[in-house]
Amino acid sequence: MTETYRPRRSVLYVPASNDKALAKIAQLACDAVIIDLEDAVAPADKIAAREKLAGIFANRPDANGRRREMVVRVNALSSEWGTDDLAAVAKAEPDGILLPKVDTPRDMLEVGDVLDDNFAPDSVKLWAMIETPKAMLNIGAIAELGRDPASRLDCFIAGTNDLIKDTGVLATPDRAYLLPWLMQMLLAARAGGIDMLDGVFNEFRDPDAFARECTQAAAMGFDGKTLIHPSQVEAANRAFAPSAQALAEARAVKDAFALAQNSGKGVIALNGRMVERLHLAQAEKLLAKAAAIGA
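Engineer: What's the story with the sheet that holds strand β6 (residues 153-158) in this structure? I'm lost.
Structural biologist: Strand-to-strand pairing in sheets goes through backbone hydrogen bonds, with the strands running parallel or antiparallel. The eight strands are arranged β1-β2-β3-β4-β5-β6-β7-β8 in a closed barrel whose pairing can be described as parallel. If you compare each strand with its neighbour and ignore which way they point, the axes differ by 25° on average. Bridge analysis of strand β4 (residues 96-99) against strand β5 (residues 125-130) gives four bridges, and the strand direction is parallel. Considered in β5, the bridge of L99 is made with A128.

Engineer: When you look at the pattern of salt bridges in this model, what are you seeing that I'm missing?
Structural biologist: Under the criterion given, the structure shown has 22 salt bridges. With a shortest N-O distance of 2.8 Å, D198 and K225 are connected by a salt bridge. With D198 in strand β7 (residues 195-198) and K225 in strand β8 (residues 224-227), this pair connects stretches of sequence that are 27 residues apart. Like K225, D198 is buried. Salt bridges linked by common partners bring D36, E38, D39, R73, K101, E131 and D162 together as one network.

Engineer: Hey, could you run me through the pairing of strand β3 (residues 69-73) in this one?
Structural biologist: A regular strand places its side chains on the two faces of the sheet in alternate fashion. Along β3, five of the five residues are buried, which leaves the element largely enclosed by surrounding structure. Pairing between strand β2 (residues 32-36) and β3: five bridges, direction parallel. From the neighbouring strand, V33 faces β3, where its bridge partner is M70. Sheet topology places β3 next to β4; three bridges connect them, and they run parallel. From the neighbouring strand, V72 faces β4, where its bridge partner is I97. Taken together, β3, helix α4 (residues 82-92) and β4 form a β-α-β motif whose crossover is right-handed.

What counts, and at which threshold
- Residues numbered from 1 in each chain as written.
- Predicted model: local features only at pLDDT ≥ 70, side-chain atom pairs only at ≥ 80, totals over all residues.
- Heavy atoms only, no water.
- Pairing = 2+ DSSP bridges.
- Helix = DSSP H or I, 4+ residues; strand = E, 2+ residues; numbered from the N terminus.
- Axes fitted to C-alpha atoms, helices over the stretch in contact; angles between N-to-C directions.
- Salt bridge = Lys/Arg side-chain N within 4 Å of Asp/Glu carboxyl O.
- Buried < 20%, exposed > 50% of the residue type's maximum accessible area, 1.4 Å probe, protein only.
- Right-handed = clockwise from strand over helix to strand, strands pointing away.

In short, shape yes, function no, at least from these values alone.
So this is what it looks like as structure tokens:
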């Protein structure tokens, strides 16, 4: 995680070719937006969609008085659009660039070199779609780049639809056959010090099933979920926000360590349980998250 917490509970894909959807961004309560040049844009519309980036970022909408995080998903650099996408996005200076079909650390490093060569500020981070079998085999090495600020790597997104397509694994409501890979992504992301977002839920007209999947991902430790429809924002924000009980416990831990008699102690007793300073660090992180989202 970065030192300043940036909430990513709800991260909504918005097609760069959809003017109506773009116009609604300012009205939405999502934590972040991904302006999509890839899957959500038809081949015939890709150049026109790319040409909208400058205007989108010149008039970027805020979210309730704070600067909303805005990321652009480019087409794969191996495609006919990828190189020109990257050049245009670098000029727009978004908060992040989401790279699809990342297979190896080299895929990230090469894009980072292009950004450096084009004098993109360090504030432009790289996000990676983990959506291929090869990416899963290289997940640890890719995530390790997160420990080097020069790599710009800041976030993983689980590309569950592509993983299902490429492996032939059965897609079940409980995601039983995907869970091992999702947990492997989460573990790698934490080892690399970066955020981890869950993949999209396709059946946006089934809010109950979507809420269950959000609850599952939050319990697994994910930071948030990528969304395909504005109707999913509220449930995602709720699922990935700290509960009232968790916040009360975090405040109790922080207050206990702040007492004069506990100054310098590594371990204290609180309400009949042992509490270490690692629990204090967890509590402070949770309280920072709550402050950032206004909980």
